[in-house]
Number of protein chains: 2
Amino acid sequence: MAFVNQNPILQSLIAEQLVSDPSSARGRLLNEAARLFRDKGYERTTVRDLAAAVGIQSGSLFHHFRTKEEILKAVMVETIRLNTALMQAAADQADSAREKLRALIRAELESINGQTGEAMAVLVYEWRSLSESSQAEVLELRDIYENLWLSTLQQLSKEHQLGADPFITRRMLTGALSWTVTWYRPERGGLTLDGLTDQVMAMLGLAQC
Amino acid sequence: MAFVNQNPILQSLIAEQLVSDPSSARGRLLNEAARLFRDKGYERTTVRDLAAAVGIQSGSLFHHFRTKEEILKAVMVETIRLNTALMQAAADQADSAREKLRALIRAELESINGQTGEAMAVLVYEWRSLSESSQAEVLELRDIYENLWLSTLQQLSKEHQLGADPFITRRMLTGALSWTVTWYRPERGGLTLDGLTDQVMAMLGLAQC
DNA sequence: GTCTATACACGGATAGAC
DNA sequence: GTCTATCCGTGTATAGAC
């Protein structure tokens, strides 16, 4: 993903070949695919659309990917890998459980509404279009990601700072945060990403007093 | 929707021809369509699937609806009409703003996870498949529904019982509640609908003390 | 690694008989 | 109001030249 190219976390993932270099043919295709899948949906996006987006003919696509579904799966897998690393880094910088949670919320809001947002939306809305065997693979990666959240929420719960159950709170947050993509428009209107994060914390009764 | 057939609110809506009688040919088709659209997605559901679900041939479908999209739109329109009426009734029975909010949350959770849940999921996940002109029509109906929520949340905010902004809180709740359809399974496991409602209230810092 | 050309199946929608 | 038959466009994927 070209925009966050300077990010050292992305750089190390590329070096380990866990995500594609965004300047490579494969990387550029996956970025365009994420955008198209989010805008039109996976089913309504044709292989001709995908090829045109990177300036090749549809037949040439199948030199890089065996099937259209393989492209969807690659978008999802690489997105989770990148976001797990970003999340881990964000949480590591915070001290208290409360600050860890705030860092996670802010990082997830940034993933959803920032430059990886297209791919994050695909992860949520195009799940059904993935074959069952691919779903199982992606789910495994998701577990690592979710454990980051759960351990932080469980710590807060121990400290009696959380109103509801940690598991349920995480599920509520998953829905609430991913839904922001349908309405949050940072460019027009005053609410910044930090302001939105504050609102989420306030909703949970964890506002800075 | 045959299951809630005895519901007097549904009966009056049918009498006013605002929703189809679930025992009519049209009503049965819309129920099956909601189920198929949720399970497979709108695009992956063929007119042959729809016809087979009600035991007719695909050509015969077009005697009832001019296009496939018209079926999707009808599912959405009738679902909003029914749920607005159910919501209004739930809110009217409560006295305090806090109890009104609880009634709205419980009613929406019931819509999402109960017998109209298939249609509610379609409303969230198949939005993009609706043509723009149809989207505008459905959006108008949604406004009425949303105003029910906003007036209650604004009242709570006046009473200083709400941590975050009312508009933002509603949007967070929209995401959080609709997401329950992906994980909440009342049949297996102890959490009842009332228990889940309590958890949501607790998350908002509005637990019964 | 990309091109052109095309196979081949499937999906939405229509026509006209009953 | 449902049937059968069918049109026709579109979509995924392949073949083989360059």
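Residues numbered from 1 in each chain as written. Chains lettered and ligands numbered in written order. Predicted model: local features only at pLDDT ≥ 70, side-chain atom pairs only at ≥ 80, totals over all residues. Heavy atoms only, no water.

- In the nomenclature of an unreviewed UniProt entry, chain A is known as TetR family transcriptional regulator of Marinobacter nauticus.

### Remarks on the protein's contact with DNA strand C
So, step 1. The environment of DNA strand C is made up of 13 residues, and the closest members are Q57, S60 and H64 of chain A together with V47 and K68 of chain B.
So, step 2. Take the atoms of DNA strand C that sit within 4 Å of the protein: sugar and phosphate atoms are 61% of them.
So, step 3. V47 of chain B is positioned with one of its backbone polar atoms (N or O) 2.7 Å from a phosphate oxygen of DNA strand C.
So, step 4. Listed by contribution, the elements that provide at least two residues to the surface near DNA strand C are helix 4 (58-64) of chain A together with helix 3 (47-53) of chain B.
So, step 5. Of all the elements, helix 4 of chain A adds the most residues to the surface near DNA strand C, at three residues.
So, step 6. Here the residues of the surface near DNA strand C sort into three nonpolar, eight polar and two charged. (Near = heavy atom within 4 Å. Polar contact = N/O pair within 3.5 Å; in protein donor to acceptor, adjacent residues only side chain to side chain. Helix = DSSP H or I, 4+ residues; strand = E, 2+ residues; numbered from the N terminus. Nonpolar A, V, L, I, M, F, W, Y, C, P; charged D, E, K, R; others polar.)

### Considerations on the pattern of salt bridges
So, step 1. Per the stated rule, a full pass over the model turns up 32 salt bridges over all chains.
So, step 2. Across the pair R106 of chain A and D194 of chain A runs a salt bridge, and its minimum N-O distance is 2.8 Å. In this pair, R106 of chain A sits in helix 6 (residues 97-113) while D194 of chain A sits in helix 10 (residues 193-203), placing the two residues 88 residues apart along the sequence.
So, step 3. We classify R106 of chain A as partly exposed; its relative accessible area is 24%.
So, step 4. Judged by relative accessible area, which is 34%, D194 of chain A ranks as partly exposed.
So, step 5. Across the salt bridge formed by R66 of chain B and E70 of chain B, the nearest N and O atoms sit 3.5 Å from each other.
So, step 6. Relative accessible area serves as the criterion here: at 69%, R66 of chain B is assigned to the exposed category.
So, step 7. Owing to a relative accessible area of 27%, E70 of chain B belongs among the partly exposed residues under this scheme.
So, step 8. A network of salt bridges, in which partner residues are shared, links R102, R106, E110, D194 and D198 of chain A. (Salt bridge = Lys/Arg side-chain N within 4 Å of Asp/Glu carboxyl O. Buried < 20%, exposed > 50% of the residue type's maximum accessible area, 1.4 Å probe, protein only.)

### Topic: the relation of the copies chain B and chain A
So, step 1. Superposing chain B onto chain A takes a rotation of 180 degrees combined with a translation of 0.0 Å along the rotation axis, leaving an RMSD of 0.1 Å. Viewed as a symmetry operation, the transformation between the two copies matches a two-fold axis.
So, step 2. Counting the interface residues of chain B, we find that 100% of their copies in chain A are interface residues as well, pointing to one common contact surface. (Least-squares fit on C-alpha atoms with pLDDT ≥ 70 in both. Contact = heavy atoms within 4.5 Å.)

### Here's the deal with the packing of aromatic side chains
So, step 1. Taken as a whole and assessed by the stated rule, the structure comprises five aromatic pairs over all chains.
So, step 2. Both rings, one in W183 of chain A and one in Y184 of chain A, keep their centres 6.1 Å apart while their planes meet at 70 degrees; by these two values the pair is edge-to-face. The same class applies to W183 of chain A as to Y184 of chain A, namely buried.
So, step 3. The ring of W149 of chain A carries R170 of chain A above its face, with NZ or CZ at 4.1 Å from the centroid.
So, step 4. Looking at K68 of chain B, its charged tip hangs above the ring of Y42 of chain B, at a distance of 4.3 Å from the centre. (Phe/Tyr/Trp six-rings, centres within 6.5 Å; stacked < 30°, edge-to-face > 60°. Lys NZ or Arg CZ within 6 Å of the ring centre and 35° of its normal.)

### Observations concerning unusual backbone geometry
All names here are of chain A.
So, step 1. Residues other than glycine seldom take positive phi values, yet Q17 does so here, at roughly 60 degrees.
So, step 2. Among the structural elements, Q17 can be located in the loop between helix 1 (8-15) and helix 2 (25-40).
So, step 3. Using a relative accessible area of 70% as the deciding quantity, one classes Q17 as exposed.

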